[in-house]
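Listed below are the residues making up each chain.
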Amino acid sequence: MTAPADADPRRVLVLNGPNLGRLGIREPEIYGHETIDDLTAACEGWGARLGLSVHVRQTDDEARLVGWLHEAVDTRSAVVLNPAAFTHYSYAVRDACAMVTGAGLVLVEVHLSNPAAREVFRHTSVVGAVATGTIAGFGLDGYHLALRAVAAR
Ligand code: DQA
């Protein structure tokens, strides 16, 4: 599919993977007390101030996440992605991310926590090598930093 002639250059998909719908009650000492609704409102506010059209989504489903990454390619949208546990083992998500950056679009990998400072299985990101860049360890602020990086491009 070719990019639509009316593709919005300011469109950003903020995509969140499995278990991030449970933010606020899921290990708050690691992930904080903000909920996915708080994250959504914060990203929409930051996006508006940066002149971006931000669409925040969350899924526990790998196929759905892959489909959204295809959508980013088809609509020429930048991506801020917290792949959550898929980070560490999903070659399907990794290959879809490679299509995004391969199409010349920005993809920022974000993590609330710093996986490098946690269990060994979290030290591997199969996404990192095909992302434009990665931000980890700054909680919700990481999404703000990622949106600023997108806006700067
Ligand atoms: C996470 C880190 C991952 O290791 C974990 O599986 C998550 C969240 C983060 O935002 O810190 O679900 O991506």
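Scoring rules and cut-offs
- Residues numbered from 1 in each chain as written.
- Predicted model: local features only at pLDDT ≥ 70, side-chain atom pairs only at ≥ 80, totals over all residues.
- Heavy atoms only, no water.
- Buried < 20%, exposed > 50% of the residue type's maximum accessible area, 1.4 Å probe, protein only.
- Helix = DSSP H or I, 4+ residues; strand = E, 2+ residues; numbered from the N terminus.
- Pairing = 2+ DSSP bridges.
- Right-handed = clockwise from strand over helix to strand, strands pointing away.
- Near = heavy atom within 4 Å.
- Polar contact = N/O pair within 3.5 Å; in protein donor to acceptor, adjacent residues only side chain to side chain.
- Areas by Shrake-Rupley, 256 points an atom, 1.4 Å probe, with all protein chains shown as cover.

## Digging into the pairing of strand β4 (residues 107–111)
Burial analysis of β4 places five of its five residues in the buried class, the great majority of the element. Residues Leu107, Glu109 and His111 point to one face of β4 and Val108 and Val110 to the other, with burial holding for every one of them. One ladder, built from three bridges, connects strand β3 (residues 78–82) with β4; its direction is parallel. Bridged to Val79 within β4 is Leu107. A crossover links β3 with its parallel partner β4, the connecting element being helix α4 (residues 91–102), and its sense is right-handed. In terms of strand pairing, β4 meets strand β5 (residues 133–136) through four bridges, oriented parallel. If you follow Val108 over to β5, its bridge partner there is Gly133.

## Considering the site of the ligand
Every residue near the ligand is listed here: Arg26, Tyr31, Asn82, Ala84, Ala85, His88, His111, Leu112, Ser113 and Arg122. Separating an oxygen atom of the ligand from a side-chain N or O atom of His111 is a distance of 2.8 Å. In this structure, Ser113 approaches the ligand through a side-chain N or O atom, which is 2.6 Å from an oxygen atom. Across the complex, the protein chains shield 99% of the 320 Å² of accessible surface that the ligand would expose by itself.

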